[in-house]
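Residue-level listing of the chains:
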Amino acid sequence: MQIIVKTYAGMEGLLAKELEDLGVQEMQVVKRGIIFQGNNEMLYKCNYLLRTAIRVMVNMKSAEVLDEEALYNLVYKIPWEDYFNVNQTFSVDSVVSSTTFTHSQYVALKTKDAIVDRYRKKFHKRPNVNRLEPDIKINVYISQHNCTISLDSSGASLHKRNYRLHQIAAPLSEVLAAGMLKMAEYDGSQDLMDPMCGSATLGMEAFMLKRNIPAGYFRKHYCFKQWSHFKPEIWETVVADANAKIIHEEVGGKIRCADRQLSAVRKSQENVAEFDEFNPTEFEIYRKDFFKSKSEIPQLLIMNPPYDDKIEVDDILGFYQDIGTTLKHKYIGSTAWIISGHLDALKYVGLKTSKKIDLYNGPIEVKYQKYELYDGSKKHVS
């Protein structure tokens, strides 16, 4: 089968490396994704183990469609009954970039009609549509006249790890957090600090990475479990093999999560409690204003400061300038990474960057920048 794994723009290389580690040898890198040939075992591994994937799909058919009739016929000819029965529910999502097909909802409707008509003809009965919690999710992607119809094996986005009980405004995506850690070359051996932790997503992703806890460990539902040819024995083997590699005792460096908001600290503590079975003694969660903090030891700092209207800051430029000043004078010898969508404010950090990476946090274009905090670092606004 042809498997399509989706990720965020700018994280394709990280995803490719993860797939290589799983044993995928030949792959095609495309924008926001990777395409390769695989089997059921690899499909299950991708869903359970990949930290930088947001969705895993199986290509049912790719072809040129010149009009709505061609689209209908393409969908109708697919043997959907081999994948789900008439008593199950389904939904159709569509993404279109075409001068012929200009409305994604209409494309979804035509796809639904073709599927329903096929079942009616074969079984004299139709499956129902359920947009909220379908058994089966189908995706249609049209670029001009090129159409790809896929089965979504994941269901809900894979960033939903199901360990985060509470979140604050503008939470960091778990997938993006995992990617940020990998880009910062975090391997669990370093002391890690998130001084503006919010709901501690970054810290929890770091904990899962350093203890080798699978990305899908807390997740129960995947759409592929509803497919007619689901192989539970293969799935159970994939899960058992991965879980056997979990590290159950403290290793490596500390993970420090701090925030000046008491509500954020309490939510973080409750979230981290989900990991109690692993005895997370390397976690330190506490209330602290970053601008009043100081580090006596070199650390890896990764921070996600406010940058949109979901978290208000009175003087955003001054706020970022204070970040730079604090890093320069209070964290000498450390390495800092800052992610932000406020590109003007980032300039006011005033420290020389050693790396800049363009990413997306949802629809927001962001920059992820690295700062080496040597004694006497030159300050400049670029």
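Everything discussed here concerns the structure shown above.
Residues numbered from 1 in each chain as written. Predicted model: local features only at pLDDT ≥ 70, side-chain atom pairs only at ≥ 80, totals over all residues. Heavy atoms only, no water.

Caption draft 1: Summary view of the packing of aromatic side chains. The full count for this structure, using the stated rule, is 25 aromatic pairs. Here Phe 224 and Phe 230 contribute two aromatic rings whose centre-to-centre distance is 5.8 Å and whose plane-to-plane angle is 45°, an arrangement assigned as tilted. Cluster of aromatic residues (ring-pair linked, three or more members): Tyr 163, Phe 207, Tyr 217, Phe 218, Phe 275, Phe 278 and Phe 283. (Phe/Tyr/Trp six-rings, centres within 6.5 Å; stacked < 30°, edge-to-face > 60°.)

Caption draft 2: Geometry of the pattern of salt bridges. Tallying each qualifying case throughout the model produces 17 salt bridges. Two residues, Asp 358 and Lys 367, come together in a salt bridge whose shortest N-O distance is 2.6 Å. Among the ionic pairs, Glu 372 bridges to Lys 370, the shortest N-O distance being 3.2 Å. Each member of the salt-bridge network shares a partner with another, and the members are Asp 191, Arg 256 and Glu 284. (Salt bridge = Lys/Arg side-chain N within 4 Å of Asp/Glu carboxyl O.)

Caption draft 3: Quick look at helix α9 (residues 316-330). Here α9 spans 21 Å end to end across 15 residues, near enough to the 21 Å set by a 1.5 Å rise per residue. When α9 is considered as a whole, its buried residues turn out to be Ile 316, Gly 318, Phe 319, Tyr 320, Ile 323, Gly 324, Thr 326 and Leu 327. Where α9 is buried, its residues meet β11 (300-303), β12 (335-340) and α10 (343-347). (Helix = DSSP H or I, 4+ residues; strand = E, 2+ residues; numbered from the N terminus. Expected span 1.5 Å × (residues − 1). Buried < 20%, exposed > 50% of the residue type's maximum accessible area, 1.4 Å probe, protein only. Contact = heavy atoms within 4.5 Å.)

Caption draft 4: View of the pairing of strand β14 (residues 364-372). Both β12 and β14 contribute to a ladder of six bridges, which runs antiparallel. Paired with Trp 337 across the strands is Lys 370, a residue of β14. Alignment of strand β13 (residues 355-361) against β14, held across seven bridges, turns out to be antiparallel. Across the sheet, the residue bridging to Leu 359 is Val 366, located in β14. Taking the residues between adjacent antiparallel strands as the criterion, β13 and β14 are bridged by two residues, where Gly 362 takes a positive phi near 70°. (Pairing = 2+ DSSP bridges.)

Caption draft 5: Here's a closer look at the packing of helix α2 (residues 40-49) against helix α7 (residues 232-243). Contact pair α2 / α7: the axes reach a minimum separation of 9 Å and the direction vectors enclose 45°. Here α7 runs oblique to α2, going by the angle between their axes. Helix-helix and strand crossings are classified by hand; for α2 and α7 the assignment is right-handed. Together, Asn 40, Glu 41, Tyr 44, Lys 45, Tyr 48 and Leu 49 of α2 and Ile 234, Trp 235, Val 238, Val 239, Ala 242 and Asn 243 of α7 make up the contact between the two elements. Taken together, the residues that form the contact of α2 with α7 break down as eight nonpolar, two polar and two charged. (Axes fitted to C-alpha atoms, helices over the stretch in contact; angles between N-to-C directions. Parallel < 35°, antiparallel > 145°, perpendicular 65-115°, else oblique. Left-handed = near helix turned anticlockwise from the far one by under 90°. Nonpolar A, V, L, I, M, F, W, Y, C, P; charged D, E, K, R; others polar.)

Caption draft 6: Here's a closer look at the environment of Phe 230. Along the chain, Phe 230 falls in the loop between α6 (201-210) and α7. Each C-alpha atom of the pair Phe 230 and Tyr 83 lies 8.9 Å from the other, and the pair is 147 residues apart in sequence. Excluding residues that lie within four positions of it along the chain, Phe 230 makes contacts with Tyr 44, Phe 224, Lys 225 and Trp 235.

Caption draft 7: Examining the sheet that holds strand β7 (residues 146-152) more closely. Read from one edge to the other, the open sheet built from seven strands follows the order β2-β3-β1-β4-β7-β6-β5, with strand pairing classed as mixed. Edge positions in the sheet fall to β2 (28-30) and β5 (90-97), since each of these pairs with one other strand and no more. Strand after strand, the sheet turns through a mean of 25° between neighbouring axes, direction not considered. Here eight bridges tie β5 to strand β6 (residues 136-143), and the two strands are oriented parallel to one another. From the neighbouring strand, Phe 90 faces β6, where its bridge partner is Ile 136. In this fold helix α4 (residues 104-123) packs onto β5 and β6, with an angle of close to 140° to the strand it touches most, β5.

Caption draft 8: Structural view of the pairing of β12. Most of β12 is tucked away, with six of its six residues classed as buried. Of the two faces of β12, the one lined by Thr 335, Trp 337 and Ile 339 and the one lined by Ala 336, Ile 338 and Ser 340 are each fully buried.

Caption draft 9: Representation of the side chain of Arg 118 within the structure. Within the secondary structure layout, Arg 118 lies in helix α4. Ignoring sequence-local partners within four residues, the contact set of Arg 118 consists of Tyr 76, Lys 77, Ile 78, Pro 79, Trp 80 and Glu 81.

Caption draft 10: Up close: the sheet that holds β14. With mixed pairing, the seven strands of this open sheet are ordered in space as β10-β9-β8-β11-β12-β14-β13. The strands lining the two open edges of the sheet, one partner per strand, are β10 (283-287) and β13. Strand after strand, the sheet turns through a mean of 20° between neighbouring axes, direction not considered. Together, β8 (192-194), β11, β12, β13 and β14 form the strand contacts of helix α5 (residues 174-183), whose direction differs from that of β13 by roughly 170°. Contacting β9 (255-259) and β10, helix α8 (residues 262-272) crosses the sheet at an angle of about 160° to β10.

Caption draft 11: View of the side chain of Arg 51. Within the secondary structure, Arg 51 sits in the loop between α2 and β4 (55-64). Of the buried charged residues, Arg 51 lacks a salt bridge, with Glu 205 as the closest side chain of opposite charge at 5.0 Å. A polar side-chain atom of Arg 51 sits 3.4 Å from the main-chain carbonyl oxygen of Met 208. Here Arg 51 is in contact with Glu 18, Arg 161, Val 175, Ala 178, Lys 182, Met 208, Leu 209, Asn 212, Ile 213, Pro 214 and Ala 215, once residues within four sequence places are set aside. (Lys, Arg positive; Asp, Glu negative; His and termini not counted. Polar contact = N/O pair within 3.5 Å; in protein donor to acceptor, adjacent residues only side chain to side chain.)

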